[in-house]
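An overview of the molecular structure
Here are the chains, one letter per residue:
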Amino acid sequence: MSSPASRPVPPAAANLLNLRGAVDLSSLKRPASPSGTAPSGTSPSGPPAGAAQEGQPGAAAGGPELKVNVTEANFQQLVELSAQVPVVFALWASYSPESGRMVETLDRIVASYGGRLVLGAADIEAFPQLAQAFQVQAVPTAVAVLKGQPVPLFQGSAEEQQVRSLFDELLKVAAANGVTGSLDAGGAAEQEPAPLPPQHQAAYDAIEAGDYAAAAEAYRQALKEMPSDHEARAGLAQVELMDRLQSVSAQDSEALRTLAANEPDNLEAQLGVADLDVAGGHVEDALNRLVAFIGRNFGPERETARVRLLELFEVVGAGDGRVAKARQALARVLF
């Protein structure tokens, strides 16, 4: 049986999975602590109510361990596990009243997914390197890791339905990248990835070859055959973004940013910088830039910017809170 991790992440998908820019998780790897010994610096107050107990995923005698208290000793194992199932990290701190509520909510929701997700509760007071690696600005924060790549989810509290929507999107991205495993009573079980639809496979092969134009054409064909194919629509937006960016050098990027700053109504400059910001993880900056341009302009340029903004919504993901906020802002400037 082939491993779900054996299929590499396409460049476009890898970009989607790393919207916050490069994060070197391998730098957090530490030698394993002696069995049963807590890592130094553990918060004396312990995890909030509902947080995971320290252990190894899939090792519980009575069933799968879907909740883990993240330590320096087991962090790397969880990153490796993300090649089989998405791992959701709940970063909390004892000084944050919302932390306990968030961990309890995620604990309950992750358990309802039947082993397709794993929750890691991480006390950033005991493991500050993790907060630095994930570029966390506030707690509580939820970040997923998929095939070793961080996927920002949300900060602060969140309604259960919103969290479920985010997790559903996360599992779709996971499946598109061959991560379809689950944890059962026997531990981490590898499963054969489901075959991709023909046009999706053609797009994937083209992405692997670096031919983004061919990948885009395959996704367009998939949409002709099934207009409601949301995965094809998101894939098309991703590969078109990658196609636009592949010829942009660092020098070109700086020149483009300077031009956009000096000429706020230069359509091509604003579109180009929005692309760069999404690819670099500055999602809110990118979306706000285009919303502001749309609010200042009319006619064909306004429509071009609106269409590009909708494409970037697809790249970031419909379940992302930043997209929901930008949609509201767009409605205000349009109507």
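Before reading further, recall that the structure is shown in the block above.
The structure contained in this document is the topic of the report that follows. Because the structure is a prediction, the values reported are computed rather than measured.

The rules behind the values
Throughout this document, residue positions are counted from 1 along each chain, in the order its sequence is written. Per-residue local features are limited, in this predicted model, to residues with pLDDT of at least 70; the limit for side-chain atom pairs, both in listing and counting, is 80 or more; totals at the level of whole chains, interfaces and linings are taken over all residues. Just so you know, side-chain values use all the structure's heavy atoms and leave hydrogens and water out. For the purposes of this entry, the term helix denotes a DSSP run of H or I that reaches at least four residues, the term strand denotes a run of E that reaches at least two, and both are numbered from the N terminus. Two N or O atoms count as a polar contact when they lie within 3.5 Å, although within protein this holds only if one can serve as hydrogen donor and the other as acceptor, and sequence-adjacent residues are included solely when both atoms are side-chain atoms. In this analysis, two residues are considered to be in contact whenever any of their non-hydrogen atoms come within 4.5 Å of each other. A 1.4 Å probe rolled over the protein chains alone gives each residue an accessible area, and that area as a share of the maximum for its type sets the label: buried under 20%, exposed over 50%, partly exposed in between. Only strands joined by at least two bridges in the DSSP assignment are considered to pair. Every crossover in which the path from the first strand over the helix to the second runs clockwise, viewed with the strands pointing away from the viewer, is termed right-handed. To get an axis, a line is fitted to the C-alpha atoms, and for a helix only the part in contact is used. The angle between two axes follows their N-to-C directions and goes from 0 to 180 degrees. Each angle receives one of four descriptions, namely roughly parallel if under 35 degrees, roughly antiparallel if over 145, roughly perpendicular if within 65 to 115, and oblique otherwise. By the convention adopted, Pro, Cys, Tyr, Trp, Phe, Met, Ile, Leu, Val and Ala count as nonpolar, Lys, Arg, Asp and Glu as charged, and the other residues, Gly among them, as polar. One side-chain nitrogen of Lys or Arg within 4 Å of one carboxyl oxygen of Asp or Glu is enough to make a salt bridge. Each helix should span, by expectation, one fewer than its residue count multiplied by 1.5 Å. What the arc measures is the spread of directions leading from the helix axis to the C-beta atoms. Any Phe, Tyr or Trp ring, taking Trp's six-membered ring, that has another such ring centre within 6.5 Å forms a pair; planes under 30 degrees apart are called stacked, those over 60 apart edge-to-face, and the others tilted.

Here we look at the side chain of Asp229
Positionally, Asp229 belongs in the loop between α7 (212-225) and α8 (230-245). For Asp229, the side chain forms a polar contact with the main-chain nitrogen of Glu231, separated by 3.2 Å. Setting aside chain neighbours within four positions, we find Asp229 in contact with His200, Ala222 and Leu223.

Side note on the pairing of strand β3 (residues 118-123)
Among the six residues in β3, six count as buried, and that is most of the element. Here β3 shows no split at all, with Val118, Gly120 and Ala122 on one side and Leu119, Ala121 and Asp123 on the other all buried. Examined bridge by bridge, strand β1 (residues 67-69) and β3 share three bridges and lie parallel to one another. Its bridge partner lying in β3, Asn69 is registered against Ala121. Where strand β2 (residues 87-92) and β3 come together, six bridges link them in parallel fashion. Residue pairing for β3: Val87 is matched across the bridge by Val118. Between β2 and its parallel partner β3, the chain crosses via helix α3 (residues 97-112), and the hand of that crossover is right-handed.

Remarks on the packing of helix α10 (residues 267-280) against helix α12 (residues 300-316)
Look at α10 against α12: their axes get within 11 Å of each other, and the N-to-C directions meet at 5°. One way to sum up the angle between α10 and α12 is to call them roughly parallel. Touching Leu267, Leu271, Ala274, Asp275 and Val278 of α10 are Glu301, Thr304, Ala305, Arg308, Leu312, Val315 and Val316, all from α12. Class assignment for the residues of the contact of α10 with α12 results in eight nonpolar, one polar and three charged.

Some thoughts on the pattern of salt bridges
In total, this model carries 15 salt bridges according to the counting rule given. One salt bridge connects Arg220 with Glu240, and the closest N-O pair in it is separated by 2.8 Å. Residue Arg220 is located in helix α7, and its partner Glu240 is located in helix α8; the two are separated by 20 residues in the primary sequence. Residue class for Arg220 comes out partly exposed when judged on its relative accessible area of 35%. Of the charged contacts in the structure, one is a salt bridge between Asp275 and Arg244, with a shortest N-O distance of 2.6 Å. You can see Asp275 sitting in helix α10 and its partner Arg244 sitting in helix α8, a full 31 residues away along the chain. Under the relative-accessibility criterion, Asp275 is labelled buried at 3%. Here the salt bridges share partners, and the residues they tie into one network are Arg244, Asp275, Arg308 and Glu311.

Quick word on helix α11 (residues 283-296)
Helix length check: α11 (14 residues) gives 20 Å between terminal C-alpha atoms against 20 Å at 1.5 Å per residue, within 8%. Taken together, the buried positions of α11 are Val283, Ala286, Leu287, Leu290, Val291, Phe293 and Ile294. Across the axial projection of α11, the buried residues extend over an arc of 160°, all falling on one side. Where α11 is buried, its residues meet α10, α12 and α13 (321-334).

Thoughts on the packing of aromatic side chains
Tallied over the full model, the rule gives four aromatic pairs. Arranged with centres 5.6 Å apart and planes meeting at 50°, the rings of Phe75 and Phe89 form a pair that is tilted. With Phe75 in helix α2 (residues 75-81) and Phe89 in strand β2, the pair connects residues that are 14 residues apart, well separated along the chain. Phe89 carries the same exposure label as Phe75, and that label is buried. Consider the rings of Tyr113 and Phe167, whose centres lie 6.0 Å apart with planes at 70°: the pair is edge-to-face. Here the residue Tyr113 occupies a position in the loop between α3 and β3, and Phe167 occupies one in helix α5 (residues 160-176), the gap between them amounting to 54 residues. In this pair, the class of Tyr113 matches that of Phe167, namely buried. Grouping aromatic residues by their ring pairs yields a cluster made of Phe75, Phe89, Phe127 and Phe134.

Some points on the packing of helix α6 (residues 198-208) against α7
Helix-helix packing is characterised by the crossing angle of the two axes and by the distance between the axes. Where α6 meets α7, the axes come as close as 7 Å, and the angle between the chain directions of the two elements is 170°. Taken together, α6 and α7 sit at an angle that is classed as roughly antiparallel. Together, Gln199, His200, Ala202, Ala203, Ala206 and Ile207 of α6 and Tyr212, Ala214, Ala215, Ala218, Tyr219, Gln221, Ala222 and Glu225 of α7 make up the contact between the two elements. Of the residues belonging to the contact of α6 with α7, the class tally is ten nonpolar, three polar and one charged.

Considering α8
Taking 1.5 Å of rise per residue, 16 residues should cover 22 Å, and α8 covers 23 Å from first to last C-alpha, within 8% of that figure. Every buried residue of α8 is accounted for by Ala232, Ala234, Gly235, Leu236, Ala237, Gln238, Val239, Glu240, Leu241, Met242 and Leu245. For α8, the N-terminal capping position is held by Asp229, with its side-chain oxygen 3.2 Å away from the main-chain nitrogen of Glu231.

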